[in-house]
Amino acid sequence: MRAIAGVIGLVSRVLLGVAFCVAGGIKLWDPQSFAESIKGFKIVPAHASEVIVVSAFVLPWMEIIAGVLLIIGLWARPAALTAAGSLVIFIGAIWSVMAREMSVKCGCFGKLSPFCEGELGMCNIYQNLVLLGLAVAVLGFGAGFWSLDWRAGGRRGAAGAIGVDPSARDA
């Protein structure tokens, strides 16, 4: 059972990490387009444009950092929790656009959208649910094999991977 959990953790965290790195990289490559995409959702009030600008720069970095941590398997569960939280928000935002019958293109993967082209729809929700499933798998099974968390072993988790002995106390 441990071997199966290790493989599930490995595959889930790497797939999710790559997806988040690609999505974040595309958004960083063209922050103006991503800001326009955020604006198109009409969730942020027009008078709060600074929120859109900050989001257009912070969100891609958050995705890239979470993605890299997932790929290397360092602090995989917190990174997966960050990804899961983001995905829940994304699903809610997409659902909101669909409920308001708006015509909006997703800024998720830019022009490289692997599965969902054109306007937002159920395809985008299914895509995010699959990614959310990967995040839940990492939360449930851990980082899996070939990760810094796994290398640290047992309950020590990521602290052991960077050379910190969590059982040591300050004198």
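So, how was this worked out
- Residues numbered from 1 in each chain as written.
- Predicted model: local features only at pLDDT ≥ 70, side-chain atom pairs only at ≥ 80, totals over all residues.
- Heavy atoms only, no water.
- Disulfide = S-S within 2.5 Å.
- Buried < 20%, exposed > 50% of the residue type's maximum accessible area, 1.4 Å probe, protein only.
- Axes fitted to C-alpha atoms, helices over the stretch in contact; angles between N-to-C directions.
- Helix = DSSP H or I, 4+ residues; strand = E, 2+ residues; numbered from the N terminus.
- Parallel < 35°, antiparallel > 145°, perpendicular 65-115°, else oblique.
- Left-handed = near helix turned anticlockwise from the far one by under 90°.
- Contact = heavy atoms within 4.5 Å.
- Salt bridge = Lys/Arg side-chain N within 4 Å of Asp/Glu carboxyl O.
- Core = buried A, V, L, I, M, F, W, Y, C linked by side-chain atoms within 4.5 Å.
- Expected span 1.5 Å × (residues − 1).
- Patch = residues over 30% accessible without salt bridge, like charges linked within 9 Å, V, L, I, M, F, W, Y side chains within 5 Å.
- Areas by Shrake-Rupley, 256 points an atom, 1.4 Å probe, with all protein chains shown as cover.

S.K.: A description of the state of the cysteines should follow, citing residues and the corresponding values.
M.R.: The final tally for this structure, using the stated rule, is 1 disulfide. Bridging Cys116 to Cys123, the disulfide has an S-S length of 2.1 Å. Note on the Cys116 and Cys123 pair: the S-S dihedral is about -85°, so by sign convention the disulfide is left-handed. Overall, Cys123 belongs to the partly exposed group, its relative accessible area being 35%.

S.K.: Got a sec to walk through the packing of helix 2 (residues 31–40) against helix 3 (residues 49–72)? Specific residues and values, please.
M.R.: The contact between helix 2 and helix 3 brings their axes to 9 Å, and the two run at 120°. Viewed along their axes, helix 2 and helix 3 adopt a mutual orientation that is oblique. When the axes of helix 2 and helix 3 are compared, the crossing they make is right-handed. In this structure, helix 2 uses Pro31, Phe34, Ala35, Ile38 and Lys39 to contact helix 3, whose residues at the interface are Ile52, Ser55, Ala56, Phe57, Leu59 and Pro60.

S.K.: I'd like a description of the pattern of salt bridges, backed by residues and values.
M.R.: The tally for this structure, following the rule as stated, stands at 1 salt bridge. Ionic pairing is found between Lys27 and Glu63, a salt bridge with its closest N-O pair at 2.7 Å. Within this pair, whereas Lys27 is found in helix 1 (residues 2–29), its partner Glu63 is found in helix 3, the two being separated by 36 residues in sequence. Residue classification places Lys27 among the buried positions, given a relative accessible area of 4%.

S.K.: Just give me the short version of the nonpolar core, but keep the residues and values in it.
M.R.: Residues Leu16, Phe41 and Leu120 are the most contacted members of the largest nonpolar core, which totals 33 residues. Among the elements of the structure, helix 1, helix 3, helix 4 (76–99) and helix 5 (122–141) are those that each provide at least two residues to this core. Setting aside anything within four residues of it in sequence, one finds Leu120 in contact with Phe41, Ile94, Val97, Met98, Val104, Lys105 and Cys106. If you look at the next biggest cluster of nonpolar residues, it comprises 6 residues, including Ala35, Ile38, Ala56 and Leu59.

S.K.: An account of helix 4 is needed here, citing residue identities and associated values.
M.R.: Compared with the 34 Å implied by 1.5 Å per residue over 24 residues, the 34 Å span of helix 4 between its first and last C-alpha is a close match. Buried within helix 4 we find Ala76, Ala79, Ala80, Ala83, Ala84, Ser86, Leu87, Ile91, Ala93, Ile94 and Val97. Among the residues trailing helix 4, Glu101 stands out with phi positive, at a value near 50°.

S.K.: Quick rundown of a nonpolar patch on the surface? Include the residues and the values.
M.R.: Together, Val18, Val22, Val68, Ile71, Ile72 and Leu148 give the surface a local cluster of nonpolar side chains, amounting to about 400 Å² of exposed area. Among the secondary structure elements, those contributing two or more residues to the nonpolar patch are helix 1 and helix 3. Top element by residues in the nonpolar patch is helix 3. It accounts for 3 residues.

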